[in-house]
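Observations on the model geometry
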Amino acid sequence: MDTLSTSWATDADLPRQRAAQVHVVQEGYIRNRDDGQHVGPTIGLVLDADLVTIVDPGMVADRHVLLDAVERHGVTAADVTDVVFSHHHPDHTVNAALFPNARIHDHWAVYDGDVWNSRPADRYDVSPSVRLLATPGHSAEDITTVVATPTEVVAFTHAWWTEAGPEQDPYAPDQEVLLASRRRILGVATLIVPGHGPGFRPRLAG
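Overview of the structure. Keep in mind that this is a model prediction, so the values were computed, not measured. (Residues numbered from 1 in each chain as written. Predicted model: local features only at pLDDT ≥ 70, side-chain atom pairs only at ≥ 80, totals over all residues. Heavy atoms only, no water.)

1. A word on the overall build of the chain
In terms of helices and strands, the chain carries two helices and 14 strands. In terms of C-alpha radius of gyration, the chain reaches 16 Å, essentially the compact-globule figure of 17 Å for 206 residues. For the chain, the C-alpha atoms occupy an extent of roughly 45 × 45 × 30 Å along the three principal directions. The buried share among the 206 residues of the chain stands at 52%. A fraction of 58% describes how many contacts in the chain between residues 6 or more apart in sequence connect residues 24 or more apart. (Helix = DSSP H or I, 4+ residues; strand = E, 2+ residues; numbered from the N terminus. Rg over C-alpha atoms; globule rule 2.2 N^0.38 Å. Buried < 20%, exposed > 50% of the residue type's maximum accessible area, 1.4 Å probe, protein only. Contact = heavy atoms within 4.5 Å.)

Here it is in structure tokens:
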């Protein structure tokens, strides 16, 4: 991963409270097999007071893999109040309809039933312990979900596919924009949960 300073850190990028619980219900992967490329996003479950948020409900080998993983944390599909899309690539979005009561958040709006509420995502609070940041890079519309727990600040993001990067994202419209977003995330996160791999802790320059 990039070894970057956290000098861009700002309290304005942090959630107002530190009370959430975080669970990874699917660890993301990209695997090449004889029958094709198997792709799964990292899927997060965030609990904060009355809000139950799923981050990136995308591709899974079977939908019951996702539903069963959520239920192991005492949550049913109907309990989910919010869904966040880190970006609009289908491998991160295709199973959103499994959560029929959820509002959906992306880079420019909140969707609730047939109501479209436009708003910029940057520093938008999904809940007191969950804040969205605009972090374009992998796509122009990428956002990062920053979750504050009593002991961690967790960033669900596609600024990295895995801890290894890639350093040059082949889908990024502008690598310098991606680098700037990585710096911003490194300025707040104690644990980074990338789009297709296990979480990792930032390393500081110097």
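2. Re the packing of aromatic side chains
Applying the stated rule across the entire model yields four aromatic pairs. With a centroid separation of 6.2 Å and an interplanar angle of 55 degrees, the aromatic rings of Trp 108 and Trp 116 are classed as tilted. Ring plane angle 25 degrees and centroid distance 5.9 Å describe the contact between Trp 161 and Tyr 171, whose orientation is recorded as stacked. Of this pair, Trp 161 sits in the loop between β13 (153-156) and α2 (175-186) while Tyr 171 is found in the loop between β13 and α2, placing the two residues 10 residues apart along the sequence. Its relative accessible area of 17% is what places Trp 161 among the buried residues. Among the residues examined, Tyr 171 registers a relative accessible area of 54% and is labelled exposed. Put simply, the rings of Trp 108, Tyr 111 and Trp 116 pair up and form one aromatic cluster. The residue whose ring lies beneath Arg 31 is Tyr 29, and the NZ or CZ to ring-centre distance is 4.0 Å. If you follow Arg 119 out to its NZ or CZ, it ends over the ring of Tyr 124, 4.5 Å from the centre. (Phe/Tyr/Trp six-rings, centres within 6.5 Å; stacked < 30°, edge-to-face > 60°. Lys NZ or Arg CZ within 6 Å of the ring centre and 35° of its normal.)

3. Examining the pairing of strand β12 (residues 143-148)
Of all six residues that make up β12, six are buried, and the element is covered over most of its length. Neither face of β12 is left uncovered, since the one carrying Ile 143, Thr 145 and Val 147 and the one carrying Thr 144, Val 146 and Ala 148 both have all their residues buried. The sheet contact formed by strand β11 (residues 130-134) and β12 spans five bridges and is antiparallel. Within the sheet, the bridge partner assigned to Val 130 lies in β12 and is Val 147. Looking at chain direction, β12 and β13 are connected through four bridges and run antiparallel. Residue pairing in the sheet places Thr 145 in a bridge with Phe 156 of β13. Between the end of β12 and the start of β13, which pair antiparallel, lie four residues. (Pairing = 2+ DSSP bridges.)

4. Let's talk about unusual backbone geometry
In this model, Gly 165 is joined to Pro 166 through a cis peptide bond whose omega is 0 degrees. Among the structural elements, Pro 166 can be located in the loop between β13 and α2. Of note, the phi angle at Ala 49 is positive, near 55 degrees, even though the residue is not glycine. Within the secondary structure, Ala 49 is located in the loop between β4 (43-48) and β5 (51-55). For Arg 123, which is not glycine, the phi dihedral falls at a positive 65 degrees. Among the structural elements, Arg 123 can be located in the loop between β9 (115-118) and β10 (124-127). Residue Arg 123 is classed as partly exposed on the basis of its relative accessible area, which comes to 38%.

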